[in-house]
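Structural description and commentary
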Amino acid sequence: MDRRRFLINSSLAAMGGMTFSRYMLGAQMHWPPHGPGMPPPGSVSEAEIKAARFPKDFYWGTATAAYQVEGAWTADGKGESIWDRFSHVVGNIKGGDTGDVACDSYYRYPEDIAIMQQLHQKSVRFSVSWPRIQPMGTGNVNQKGLDHYSKVVDAMLKANLRPMCTLYHWDLPQALQDKGGWPNRDLYKYFADYAEIVTKALGDRVDTWAIFNEPWVFTFLGYGIGIHAPGLTGIDGFLKAAHTVNLAQGEAYRAMRAVSAKAKIGTAFSMSPGAPATDSTEDVAAARRFNAVNNVYFLDTALYGRYPDAFEGGIPYKKMGFREGDGEIMKAKLDWMGINYYNRHIISYAKDAEYGENFNAVMPHQGPITYNGWEVWPRGMYDIVTQMWKTYKLPIEITENGCAYSDGPLSDDPDKVPDARRTTFYREHLAELARAMRDGADVRGYHAWSILDNFEWAEGYSQRFGMTYIDFRTEKRTIKDSGHWYGRVSAAGRLDV
Ligand code: FCB
């Protein structure tokens, strides 16, 4: 199952071999009228675009991740990561692609930062590669790895960019996978050691930290259904991995806080609004469980020290390896929450999923569809942001939002990349974000995914999410039309530019 298909049916039920019919679900819904000459369903009016305003100190930004852009996979003493190992096995990644070279940003970061500066950016979300810092995952620190990120952060600050540092964007040291990976509870302490090392090295200049990127995605896709590194399957592995990650989040938070009182610590969560397919009690309860599993499984644990009610019939503590006292370890008084929003889901009740999660999640195809099959649904941005704001009252940063379209340079004008669909995507999502802010949500920043086309995990280089086109044969960077547009928006704080 590829990631697109997974996201169409992204429930734990997928593991129990459940089937679903999105056509059946579609038939139950009331689509607004649409057709030739009418705006696509879910689109945002020009009046909303014009009404959107953002505060002066809003953090206009973009995001990347180490493995997706850096390349240089053996440079300067770096250890092997699970993504190095996984991508080197033919059949795991579309087209046999790997991140060995990627965007070569390990060397070309000054050029990338210059692009951000040119586009009037205020914030940049990047991640540190754990195996560059601790090649074996524990013990010895590789000074060259730390020096590298220190230089990168200095260059960002010099360009007036706020560095937002993610500690873990999926590239676990392979040496730790050899010890069992995230299902091995010992990793929570190892991770906290690593978090402390990086905070000590960069915490004098970096204020804003994301502990994890999308903990649900890397535990479920990596250990549950095996389409991401390390490619393992089984619900027990997922439950255990997720529990270690929850412990690690709390332990790392305390380690970081001890080093830096001023650090603003959060996590970037993958979040998707999940509306019940009907108003039946079963579907409504299923949608609540979807929210518990997909959206807040790593947030409630941090804020309240307990798992949300994600399973019919109770939480499978035993399968997770939950021990007495773990509730306290999981706690982390996060300063902000990161939301990665890509698409919405429609949820219906489904009996006999293996551990009682008992829902089917379907990504509808009512709005326009991007190159990787994801539905464009700007209103989902409003829905998820307002839902999270009302529930938690925690400052929010949009840590990712973006779309894959394959537009490339014009043959007769190679410096021009017209990608109007991406611009439309961003202006409408940003308008919905502004509407949520108008309705009271405290949103501090927005990070488009991504500044560069890059290595899109199991999809290799086949999915281009960048505002900058990369010719992967030459590494030449060409800012797309959407990038120029985003630059004007970032400078003006408005969308009608
Ligand atoms: C998110 C990941 C990010 C990127 C985008 C498209 O789930 O966090 O690394 O792959 O999807």
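Residue positions are counted from 1 within each chain, in the order its sequence is given. Local features in this predicted model are restricted to residues whose pLDDT is 70 or higher, and side-chain atom pairs enter the listing and the counts only when it is 80 or higher, whereas totals over whole chains, interfaces and linings include all residues. Remark: hydrogens and water are excluded; side-chain values derive from all non-hydrogen atoms of the structure.

Digging into the layout of surface pockets
The line we're drawing: The definitions used throughout rest on a 1 Å grid laid over the protein atoms alone, on which a cavity is an enclosed set of points accommodating a 1.4 Å probe that cannot get out and a pocket is an open set flanked by protein within 12 Å on both sides along at least five of seven lines; lining residues are those having an atom within 4 Å of a point. Grid points are joined across faces, edges and corners, and a volume is the space filled by probe spheres set on the points. Per the convention used, a helix needs a DSSP run of H or I reaching at least four residues, while a strand needs a run of E reaching at least two, with both numbered from the N terminus. The residue classification treats Ala, Val, Leu, Ile, Met, Phe, Trp, Tyr, Cys and Pro as nonpolar and Asp, Glu, Lys and Arg as charged. All others, Gly included, are polar.
Space inside the largest pocket adds up to approximately 300 Å³. For the lining of the largest pocket, the secondary-structure elements that each account for two or more residues are β3 (162-168), β10 (396-400) and β11 (443-448). Residues that form the lining of the largest pocket fall into these classes: eight nonpolar, one polar and nine charged.

Re the packing of aromatic side chains
Condition: Think of it this way: a Phe, Tyr or Trp ring, Trp meaning its six-membered ring, pairs with another when their centres are within 6.5 Å, and the plane angle makes it stacked under 30 degrees, edge-to-face over 60, tilted otherwise. Throughout, exposure labels follow a simple rule: accessible area from a 1.4 Å probe, protein chains only, divided by the maximum for the residue type, with under 20% read as buried, over 50% as exposed, and the rest as partly exposed. The rule for a charge over a ring is simple: NZ of Lys or CZ of Arg within 6 Å of the ring centre, and within 35 degrees of the ring normal.
Overall, the coordinates contain 46 aromatic pairs when judged by the stated rule. Ring centres 6.3 Å apart and planes at 80° place the aromatic pair Trp130 and Tyr168 in the edge-to-face group. You can see Trp130 sitting in helix α7 (residues 130-133) and its partner Tyr168 sitting in strand β3, a full 38 residues away along the chain. A residue is classified by how much of its surface remains accessible, and Trp130, at 0% relative accessible area, is buried. Tyr168 sits in the buried class, given a relative accessible area of 1%. One cation-aromatic arrangement involves Arg344 over Trp377; the distance from NZ or CZ to the ring centre is 3.6 Å. Lying over the aromatic face of Tyr382, Arg435 brings its terminal NZ or CZ to 3.8 Å of the ring centre.

Quick look at unusual backbone geometry
With glycine set apart, most residues show a phi of negative sign, and most peptide bonds adopt trans. Note the cis peptide between Ala229 and Pro230, where omega equals 5°. Relative to the helices and strands, Pro230 resides in the loop between α11 (215-224) and α12 (235-259). Between Trp449 and Ser450 the backbone carries a cis peptide bond, its omega angle lying at 10°. Its location among the elements puts Ser450 in the loop between β11 and β12 (468-471). Unusually for a residue other than glycine, Asn160 sits at a positive phi of about 60°. Mapped onto the fold, Asn160 is located in the loop between α8 (143-158) and β3. Taking relative accessible area as the criterion, Asn160 reaches 64% and is therefore assigned exposed. With phi around 50°, Asn358 is a residue other than glycine that occupies positive phi space. For Asn358, the position within the fold is in the loop between β8 (345-349) and β9 (359-362).

A few points about the sheet that holds β9
Quick reminder of the rule: Here, strands pair whenever DSSP counts at least two bridges between them. The axes used here are C-alpha line fits, helices contributing only the stretch in contact, and every angle between their N-to-C directions lies in the interval 0 to 180 degrees. Note on contacts: a residue pair is in contact if any heavy atoms of the two residues lie within 4.5 Å.
Sheet architecture is open: three strands sit in the order β6-β8-β9, paired in mixed fashion. Looking at which strands have only one partner, the edges of the open sheet turn out to be β6 (274-276) and β9. For this sheet the average axis-to-axis angle between neighbouring strands, irrespective of direction, equals 35°. The sheet contact formed by β8 and β9 spans four bridges and is antiparallel. In the strand pairing of β9, Tyr349 is matched with Phe359. Helix-sheet contacts for helix α13 (residues 281-295) involve β6, β8 and β9, and the interaxial angle to β8 is about 125°.

Let's talk about the pairing of strand β13 (residues 476-479)
In summary, the side chains of a regular strand alternate between the two faces of the sheet. Across four bridges, β12 lies against β13 in antiparallel orientation. If you follow Ile470 over to β13, its bridge partner there is Arg477. Where β12 folds back onto β13 in an antiparallel hairpin, the turn is made up of four residues, including Glu475, whose phi is positive at roughly 70°.

Topic: the packing of helix α6 (residues 105-118) against α8
The following threshold applies: Any angle from 65 to 115 degrees is called roughly perpendicular, while one under 35 is roughly parallel, one over 145 is roughly antiparallel, and all others are oblique.
One can describe the packing of α6 onto α8 by two numbers: an axis separation of 10 Å at closest approach and a directional angle of 5°. It follows that α6 is roughly parallel to α8 by the angle criterion. Across the interface between the two elements, Tyr106, Tyr109 and Ile113 from α6 touch His148, Lys151, Val152, Ala155 and Met156 from α8. In terms of residue class, the contact of α6 with α8 is built from six nonpolar, one polar and one charged.

Remarks on the side chain of Arg344
Where we set the bar: Any N or O atom pair separated by 3.5 Å or less is treated as a polar contact, with the protein-specific requirement of one donor-capable and one acceptor-capable atom, and with residues adjacent in sequence counted only for side-chain atom pairs.
With respect to the element layout, Arg344 can be found in the loop between β7 (337-341) and β8. When its relative accessible area of 8% is taken as the criterion, Arg344 is described as buried. Of the polar contacts made by the side chain of Arg344, one reaches the side chain of Gln366; its length is 2.9 Å. A polar contact of 2.9 Å, which involves the side chain of Arg344, links it to the side chain of Glu375. Not counting the four nearest positions on each side in its chain, Arg344 is found in contact with Ser272, Pro273, Val362, Met363, Pro364, Gln366, Glu375 and Trp377.

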